[in-house]
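These are the residues of each chain, in order.
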Amino acid sequence: MLYDLISKTRSFRRFVEDEPIAMETLRYLVDLARLGGSARNLQPLKYVLVNTPALKAKIFPHLGWAGYLKEWTGPQEGERPAAYIVCLLDTRLSKEADCDLGIATQNLLLGAAEKGLGGCRIASLAPGLRDVFDLDDHLQVLQVIALGRPAETVFLNEQGPGEDIKYWRDTDQIHHVPKRPLQEIIAGEHD
Ligand SMILES: Cc1cc2nc3c(=O)[nH]c(=O)nc-3n(C[C@H](O)[C@H](O)[C@H](O)COP(=O)(O)O)c2cc1C
């Protein structure tokens, strides 16, 4: 069921670090991203696929994790991502691709969920991340997708009246994500 797959496609930030993801799987996920819609069909997104320990270690310090969880500095050793897909914009093709990026990354994360994997979009990136890669000038880093087999439980909660939309963790470290109720986001119905 599509509803179940989408419900399962959460942002995961703790992983089974020592369970590698094959390059073939990463390529499959990028292939799903490739099939998404693109404004003017320009398809300006490019990807760097990373599953080597050395490069993963260089990427990690540049990532900003879970801004709402002030006490948490990000995944510890052993629960860090098993792989990354770095999303780039080819500025020769377009100067902006936020909408394309959303479509592409959702396709990718749905594919990950289908395979029992999970991921998190990281848009909070330190400027130095670019220097980790040997990128041509026309390639701009937009986002990093962290991937792996999830080592945490994420629950969707229906946001109650007066409740915050900030995600939070309970005493068992279960991650809760409040979603606004359906009736709140339907601004009109003309049946
Ligand atoms: C465009 C975008 C950028 C995001 N950037 C980050 C980020 O830098 N760090 C992070 O930990 N999560 C990031 N997230 C994940 C969101 O926090 C997450 O989608 C939100 O809390 C809802 O949880 P859910 O994805 O499980 O529905 C990003 C999500 C989106 C869509």
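Preceding this paragraph is the structure being described.
Residues numbered from 1 in each chain as written. Predicted model: local features only at pLDDT ≥ 70, side-chain atom pairs only at ≥ 80, totals over all residues.

1. Some remarks on unusual backbone geometry
Negative phi is the rule for most residues except glycine; trans is the rule for most peptide bonds.
(1) Moving on: Not every positive phi belongs to a glycine, and Gln43 is a case in point at roughly 50°.
(2) Moving on: In this fold, Gln43 is placed in the loop between helix H2 (23-34) and strand S1 (45-50). (Helix = DSSP H or I, 4+ residues; strand = E, 2+ residues; numbered from the N terminus.)

2. Considering the site of the ligand
(1) Moving on: Taken together, 14 residues lie near the ligand, and Arg10, Ser11, Arg121, Ala123 and Ser124 sit nearest.
(2) Moving on: Counting residues per element, the shell around the ligand draws most heavily on strand S3 (residues 118-122), at 3 residues.
(3) Moving on: When its residues are assigned to classes, the shell around the ligand shows 8 nonpolar, 3 polar and 3 charged.
(4) Moving on: Counting residues domain by domain, the shell around the ligand receives three or more from each of domain 1 (2-152) and domain 2 (154-185). (Near = placed C-beta within 6 Å. Nonpolar A, V, L, I, M, F, W, Y, C, P; charged D, E, K, R; others polar. Domains from an automatic or database assignment.)

3. What to know about the sheet that holds strand S6 (residues 168-169)
Within a beta sheet, neighbouring strands are joined by backbone hydrogen bonds and run either parallel or antiparallel to one another.
(1) Moving on: Spatially, 3 strands are ordered S5-S7-S6 in an open sheet, and the strand pairing comes out mixed. Two strands in the sheet have a free side with no partner beyond their single neighbour: strand S5 (154-158) and S6.
(2) Moving on: Of the pairings in the sheet, the one linking S5 to strand S7 (residues 175-179) comprises 5 bridges and is parallel in character. Across the sheet, residue Glu158 finds its bridge partner in S7, namely Lys179. (Pairing = 2+ DSSP bridges.)

4. Topic: the environment of Leu49
(1) Moving on: Within the secondary structure layout, Leu49 lies in strand S1.
(2) Moving on: The class of Leu49 is partly exposed, set by 16 C-beta atoms lying within 10 Å.
(3) Moving on: For the pair formed by Leu49 and Arg27, sequence separation is 22 residues and the distance between their alpha carbons is 7.7 Å.
(4) Moving on: When neighbours within four sequence positions are excluded, Leu49 is seen to be in contact with Met23, Leu26, Arg27, Val30 and Ile85. (Buried ≥ 20, exposed ≤ 12 C-beta atoms within 10 Å, placed from the backbone. Contact = placed C-beta atoms within 7 Å.)

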